[in-house]
Structure formats: structure tokens, C-alpha cells
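Topology and contacts: notes
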Amino acid sequence: MPETNPAEAAPTLARLIDGKALAQHIRAEVGARAAALAARGTRPGLAVILVGDDPASAVYVRNKVRACAENGLHSVLEKYDAALPEAALLERIAALNADPAIHGILVQMPVPRHIDPHRVIEAIDAAKDVDGFSVRSAGELFAGLPGLRPATPWGCLKMIESTGVPLRGRHAVVIGRSNTVGKPMALLLLAASATVTVCHSATTDLKRHVREADIVVAAVGRRRTVTADMVKRGAVVIDVGTNHDEAGKLCGDVDFEPVRAALGPEGWISPVPGGVGPMTITMLLANTVQAAERRVPPAGA
Ligand code: GUN
């Protein structure tokens, strides 16, 4: 048998959805919109509040603030001791609601146990709710009205769209039902005319559902939730998970290499790291610019 040159062999693995490259592309657009607003006297501004000393949260907020600086947005980072009373936090939020230089307010979750996250989220002016976590933002998504969409599922939608695979009439399976990812993801996919199934911890026979999926979004927080025997060839798989393997290495919810092989060359898969992660902050920037654009009268007005 003649030897085949591996460089010429037909690809057998699913294509990668490069979240980093897509994030850079979208950040350039967001940066241009921020510059256009700044030229008209409004620099989009984000306030990030961190209560307590959770190390992972500290990294996330630092990355958010840095992304603002890199893309022409103004930002303020307010850090408070874990013992900050809830009333004091609500007062800070009220002051930021009234601050015309701030267009987006984000309180990093989780907050310490003595603080009610729902009260905090609802205290943020809905027009500045760049996390899209408030009841009003959730209601706007539910009702198909324009509004601020939660960054992570919105980023996942952009990643799916980047593949060129049409969503209309396709079967999408969302694994996870959190308020921050699973539920809004299902609504975004529904708005794009996919047929949507939401699976969760009480779902019996997850494999039966995932095997039928043209699009899979895994947002569970448990590694190897999606394995090679569960996926359909040619499907699009988005991995929202951020977990660690035995060696302490960052990994998602999807058993990446075997699933990539099982999807075959017509399929698509997002890696961890380098997939959803960079997109989340990007869509937060997009929401902040959108919130600022709403505050500024249209050109010529
Ligand atoms: N904690 C983990 N992810 C997020 C997020 O997207 N927004 C906020 N506010 N807190 C988080």
C-alpha cells in the first residue's frame, strides 16, 4: 500500500471554534464604537465591584478591567472587605446608578453569604445591568424585546453563528439550567428558531438527548459530562465548563479529544481554554458600549 503523507491526509477531526480570534474580531468592532462615542464626548464606563477575597473572582475582575483599558472603555474597580454590610453595597450601587460617567455596573458573583445576590442585582439600574442578570433584562430576553443579554450565552451564540451552521429548525440541546447560562442560552437559541431541549441534573438518559443534537451547549461545571459516545457526527459543540483535571489543568465539560474525533470533519468544537472564556468578557464590553450608546442622542439630533 502506498504511504500517505499525513499533511495531505483528509482531516478526520472536528474544526475548532477559536474563541480567542472571534473575541479579538468583536473587540475591534466594540473598540471602534467606543471611540466613536468618545469622539462625541461620552467615553463608555464600566464599574466593577468585588466584595471579599475569592482568588478566582479577583482574577476575573482584573481581566474585565484590563479588557476595558485595551478597548478604549473607562472603568473603575471597587474592592471591599468581605464584611461589607449589604446596605453599604446598595448605597454604592445607588451612587453608581446616578453617576453619568458610568454606563455599566457589575457586582462580581458570588457575593459573601450575608448579602442577597438578588437584592444586589435588582438594585442596579436596569439600563446599566451589563450582566443581563436582572429580572427586567431576563424579561426582555423572554419577551423578545431589545435589551442587555447575559454575556456568556450571548458569546456562545456568536460562536455558533461563526460556524455558518444555520440554527433555524436545528435541534439544540443545552445541558445546564442556571439563570446565568443555561436558561438564557435556551431562550437565545429559541429566538434564533432552533428547536431547544434543556437537560439538567434530573434528566434521565442525557445521552439519548445529546445524540439527537445538531448543536450542544454544555454548561454544567463537571468534566467529561459530554463523552464521545453521546455526540452526533457533524454536530456543533460549545463547552462552557471551567473545571480542573487530576493534574490541575483547566478543562471544560466535554471530553475534548475523543469528542472532537467522534464529531468528524463536518463538526465543530470549542476548546477550553481559548473558547467561551475570551468571548464572555468581549460581550460584557459590547453590553457596556450598547448601554452608553443608549444614553447618547443619535448623531445629528
Ligand atoms: N461570576 C462568574 N461569572 C460572572 C459574571 O459573568 N458576572 C458576574 N457579575 N459575576 C460572575
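Please read these numbers as outputs of a predicted model, since none were measured by experiment.

**Focus on the sheet that holds strand E1 (residues 15-16)**
Reading across from one edge, E1-E11-E8-E7-E5-E6 is the order of the six strands in this open sheet, with parallel pairing throughout. The two strands at the open ends of the sheet, each matched to only one other strand, are E1 and strand E6 (195-199). The sheet contact formed by strand E7 (residues 215-218) and strand E8 (residues 236-239) spans four bridges and is parallel. In the sheet register, Ala218 faces E8, and the bridge partner there is Asp239.

**A word on the pattern of salt bridges**
Evaluated as defined, the whole model comprises eleven salt bridges. One salt bridge connects Glu86 with Arg119, and the closest N-O pair in it is separated by 2.5 Å. With Glu86 in helix H3 (residues 86-97) and Arg119 in helix H4 (residues 117-123), this pair connects stretches of sequence that are 33 residues apart. Ionic pairing is found between Arg208 and Asp205, a salt bridge with its closest N-O pair at 4.0 Å. According to the relative accessible area criterion, Asp205 is partly exposed, its value standing at 46%. The structure contains a network of salt bridges with shared partners spanning Glu86, Asp116 and Arg119.

**Thoughts on the site of the ligand**
Near the ligand you find Lys64, Leu106, Val107, Gln108, Met109, Asp131 and Phe133, and these make up its full shell. Contacts to the ligand include Gln108, whose side-chain N or O atom sits 3.0 Å from a nitrogen atom. One nitrogen or oxygen atom from the side chain of Asp131 is found 2.6 Å from a nitrogen atom belonging to the ligand. Here the ligand has 270 Å² of accessible area as a free molecule, and 75% of this is covered by the chains. Taken together, the residues that form the shell around the ligand break down as four nonpolar, one polar and two charged.

**What to know about the sheet that holds strand E3 (residues 74-80)**
Strand pairing in a sheet relies on backbone hydrogen bonds, with the paired strands running either antiparallel or parallel. Pairing in this open sheet of three strands is parallel, and the strands run E3-E2-E4 from one edge to the other. Looking along the sheet, the strands with just one partner apiece sit at the ends: E3 and strand E4 (104-107). The mean angle between the axes of side-by-side strands here comes to 15°, regardless of whether they run parallel or antiparallel. Pairing analysis gives four bridges linking strand E2 (residues 45-51) to E4, with the strands arranged parallel. Directly across from Val48, in E4, lies its bridge partner Leu106. The strands touched by helix H2 (residues 55-70) within the sheet are E2, E3 and E4, with E2 carrying the most contacts at an inclination of about 170°.

**Observations regarding the pairing of E8**
Neither face of E8 is exposed, since Val236 and Ile238 on one face and Val237 and Asp239 on the opposite face are all buried. Pairing of E8 with strand E11 (residues 268-269), which is carried by two bridges, proceeds in the parallel orientation. Pairing of Val236 across the sheet is with Trp268, part of E11.

**Side note on the environment of Pro100**
Secondary-structure assignment places Pro100 in the loop between H3 and E4. Judged by relative accessible area, which is 68%, Pro100 ranks as exposed. Along the primary structure Pro100 and Pro44 are separated by 56 residues, whereas in three dimensions their C-alpha atoms are 9.9 Å apart.

**Quick look at helix H5 (residues 135-143)**
Among the residues making up H5, those that are buried are Ser137, Glu140 and Leu141. Looking straight down H5, one finds that the buried residues subtend no more than 100° of arc, so they occupy a single side. Turned more than 90 degrees from where H5 packs its buried face, Val135 and Phe142 sit exposed. Taken together, the buried residues of H5 touch helix H7 (182-191). Looking one or two residues past H5, Gly144 carries a phi angle of roughly 75°, positive in sign.

**Description of the packing of helix H1 (residues 19-39) against helix H6 (residues 151-162)**
Packing of H1 against H6 leaves a shortest axis separation of 11 Å and a crossing angle of 105°. With respect to H6, the axis of H1 lies roughly perpendicular. Two secondary-structure elements touch here, H1 through Gly19, Leu22 and Ile26 and H6 through Lys158, Met159 and Ser162. Tallied by class, the residues present in the contact of H1 with H6 amount to three nonpolar, two polar and one charged.

**A word on H3**
Taking 1.5 Å of rise per residue, twelve residues should cover 16 Å, and H3 covers 16 Å from first to last C-alpha, within 8% of that figure. All of the buried residues in H3 are Glu86, Leu89, Ile93, Leu96 and Asn97. Taken around the axis of H3, the buried residues stretch over an arc of 105°, which confines them to a single face. Exposed side of H3, more than 90 degrees from the buried face: Ala87 and Glu91 are the residues found there. Buried positions along H3 lie against E2, E3, E4 and H4.

Rules behind the numbers
Residues numbered from 1 in each chain as written. Predicted model: local features only at pLDDT ≥ 70, side-chain atom pairs only at ≥ 80, totals over all residues. Heavy atoms only, no water. Pairing = 2+ DSSP bridges. Helix = DSSP H or I, 4+ residues; strand = E, 2+ residues; numbered from the N terminus. Salt bridge = Lys/Arg side-chain N within 4 Å of Asp/Glu carboxyl O. Buried < 20%, exposed > 50% of the residue type's maximum accessible area, 1.4 Å probe, protein only. Near = heavy atom within 4 Å. Polar contact = N/O pair within 3.5 Å; in protein donor to acceptor, adjacent residues only side chain to side chain. Areas by Shrake-Rupley, 256 points an atom, 1.4 Å probe, with all protein chains shown as cover. Nonpolar A, V, L, I, M, F, W, Y, C, P; charged D, E, K, R; others polar. Axes fitted to C-alpha atoms, helices over the stretch in contact; angles between N-to-C directions. Contact = heavy atoms within 4.5 Å. Arc of directions from axis to C-beta. Parallel < 35°, antiparallel > 145°, perpendicular 65-115°, else oblique. Expected span 1.5 Å × (residues − 1).

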